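In case you want the letters, here they are:
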Amino acid sequence: MILAIETTMDETGVAVVSSWDKRVRVWSNVKASSAEMHKKYGGVVPEIAAREQVKVILPVIKEVLETVREKKWEDELKEIEAIAVAYGPGMMGSLLVGVETAKVLASVWGKKLIKVNHLVGHVAANWIKERENTPVPELPAVSLIVSGGHTDLVVIDENNEWKWLGGTRDDAAGEAFDKSARLLGLSDYLGGVVIEKAMKEVGKEGMEWLRQEKIRLPRPMIGNKGLDMSFSGLKTAVLHEVEKLKKSGKWSEEKGRALAKEFNGAVVDVLVSKTERAIKIHQPKSLLVGGGVAANILLRERLERLAKEMEISFFKPEMKYCTDNAAMIGAGAVIKGKEEKIENLKAEPSLGVVD
Ligand code: KG4
Ligand code: ZN
């Protein structure tokens, strides 16, 4: 069994997983978050995040070990063969808490140390299966990674070699959700969640307004041949619409909800179109998605439809394994972890998906 630690952003995640029949099984998965504290600042404050993580990491590790089989944590520890930790990308202060804790524990407890790329973890969440006889991704696979800090397309070949195909040149998809939510007055910590909620509540009036005024946000770079993406212009387009409405005294919450729906559609159109292009080029057996934005219902549906059209299988992580969690880091250790000497492991804040 593997004890996995994830502290790349504001969360302190710890999990115990094991590998069985090419699948990953989660025995315990706990997350402590300082999200509430960041809410009032409208974003993550690195200093607050790291201080909170220092406080909670050891109690969370004990709690996780004790929930596996309701044994004392000291007894459960004997079953642990390795400690896996997300070493990047992320915020330096937060990464240090996880990485240094993992190093000390691996050294004192005499366990193997496995380093896991956080982005690989997001993709590896697709191998977490609670039940037997559930299909697992077949390689080669194309994977879309969509998180708050990254938007990438990768291909994983039959030998589990990962190659970066393209990604955003500026804002990540999740970042665009977060910034646009704030512009639309839907300020909360996870922009994607509030945008989805707002668009579900849009009524006839909002939809009629979109149609009559022919409001259509741009789908940046959708027509370009390559697999590069860009989301910062889309956020600026939202800003212009909101400013125009406010200046003319025509702003209303309903229009904000309608714009949220249009925005969600624009992001998903771009992501699906680029993914389709990657599939056509690389002819994979499976399509995978991972990262916080992979929780988006429209994105999940549209990717599912795309895979069906392309006659390949589609895998999406369970909702609880989309946003940051430690179970996915355990899965990453099983799927593509690298054993590292304790003295050599370093936090790498700007690690790319293919290191
Ligand atoms: O992967 P993640 O938890 O953290 C990073 O590694 O960055 O992703 C967080 C991002 C946030 O930008 C959040 O707005 C977005 O995922 N997100 C969503 C949804 N849930 C979370 N975006 C769209 N739709 C969602 N349902
Ligand atoms: Zn993440």
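What you see is a predicted model; the values in this text were computed from it and never measured.

(A) How the structure looks around helix H6 (residues 173–183). Looking at H6, one finds that the buried residues are Ala173, Gly174, Ala176, Phe177, Ser180 and Ala181. An end-on view of H6 places all buried positions within 155 degrees of arc, on one side of the element. Elements in contact with the buried residues of H6: strand E6 (141–146), strand E7 (151–156), helix H7 (191–200), helix H9 (232–247) and helix H10 (253–282). One or two residues past the end of H6 sits Gly185, with phi positive at roughly 75 degrees.

(B) How the structure looks around the nonpolar core. By size, the foremost hydrophobic cluster in this structure holds 51 residues, and its most contacted members are Phe231, Phe263, Leu271, Leu287, Leu299 and Leu303. Tallying contributions element by element places H10 first for this core, with 12 residues. The residues contacting Leu303, other than those within four sequence positions of it, are Leu144, Val272, Thr275, Leu287, Val289 and Phe314. Ile2, Val123, Ala125 and Ile329 belong to the second largest nonpolar core, which has 35 residues in total.

(C) Quick look at the packing of aromatic side chains. The tally for this structure, following the rule as stated, stands at 2 aromatic pairs. Between the aromatic rings of Trp73 and Trp109, the centroid separation amounts to 6.1 Å while the plane-to-plane angle is 40 degrees, which identifies the pairing as tilted. With Trp73 in helix H3 (residues 73–76) and Trp109 in helix H4 (residues 92–109), this pair connects stretches of sequence that are 36 residues apart. For Trp73, a relative accessible area of 19% puts it in the buried group. Overall, the relative accessible area of 24% leaves Trp109 in the partly exposed class. Here the aromatic rings of Phe177 and Phe263 are separated by 5.1 Å at their centres, their planes lie at 90 degrees, and the arrangement is edge-to-face. A residue pair is termed long-range when its members are at least 10 positions apart, and Phe177 in helix H6 and Phe263 in helix H10 qualify at 86 residues. Phe263 carries the same exposure label as Phe177, and that label is buried. The cationic tip of Arg23 hangs over the ring face of Trp20; the distance from NZ or CZ to the ring centre is 5.8 Å.

(D) Region of interest: the packing of helix H2 (residues 46–69) against H4. Where H2 contacts H4, the two axes come as close as 9 Å, and the packing angle between them is 30 degrees. The angle between the axes of H2 and H4 places the two elements in the roughly parallel class. Our pair here, H2 against H4, has a crossing hand that is right-handed. Residues Ala49, Ala50, Gln53, Val54, Ile57, Leu58 and Ile61 of H2 form the contact with H4, whose own contacting residues are Gly93, Ser94, Val97, Gly98, Thr101, Leu105 and Trp109. Of the residues assigned to the contact of H2 with H4, the class counts are 9 nonpolar, 5 polar and no charged.

(E) Just the pairing of strand E8 (residues 162–167), in detail. In the sheet, E7 pairs with E8 via 5 bridges, with the strands oriented antiparallel. Its bridge partner lying in E8, Val155 is registered against Lys163. Hairpin geometry of E7 and E8 is characterised by an intervening segment of 5 residues between the two adjacent antiparallel strands and by a positive phi of about 65 degrees at Asn160.

(F) Representation of the sheet that holds strand E2 (residues 11–20) within the structure. Reading across from one edge, E3-E2-E1-E4-E5-E11 is the order of the 6 strands in this open sheet, with mixed pairing throughout. Strands at the two margins of the open sheet, each flanked by one partner only, are strand E3 (23–33) and strand E11 (338–339). Where strand E5 (residues 112–117) meets E11, 2 bridges bridge the pair, whose relative direction is antiparallel. Note that in E11 the partner of Ile114 across the bridge is Glu339. Running at roughly 30 degrees to E2, H2 makes contact with strand E1 (2–6), E2 and E3 of the sheet. With respect to the sheet, helix H12 (residues 327–336) is in contact with E1, E2, E3, strand E4 (82–88), E5 and E11, its orientation differing from that of E1 by roughly 120 degrees.

About the thresholds
- Residues numbered from 1 in each chain as written.
- Chains lettered and ligands numbered in written order.
- Predicted model: local features only at pLDDT ≥ 70, side-chain atom pairs only at ≥ 80, totals over all residues.
- Heavy atoms only, no water.
- Buried < 20%, exposed > 50% of the residue type's maximum accessible area, 1.4 Å probe, protein only.
- Helix = DSSP H or I, 4+ residues; strand = E, 2+ residues; numbered from the N terminus.
- Arc of directions from axis to C-beta.
- Contact = heavy atoms within 4.5 Å.
- Core = buried A, V, L, I, M, F, W, Y, C linked by side-chain atoms within 4.5 Å.
- Phe/Tyr/Trp six-rings, centres within 6.5 Å; stacked < 30°, edge-to-face > 60°.
- Lys NZ or Arg CZ within 6 Å of the ring centre and 35° of its normal.
- Axes fitted to C-alpha atoms, helices over the stretch in contact; angles between N-to-C directions.
- Parallel < 35°, antiparallel > 145°, perpendicular 65-115°, else oblique.
- Left-handed = near helix turned anticlockwise from the far one by under 90°.
- Nonpolar A, V, L, I, M, F, W, Y, C, P; charged D, E, K, R; others polar.
- Pairing = 2+ DSSP bridges.

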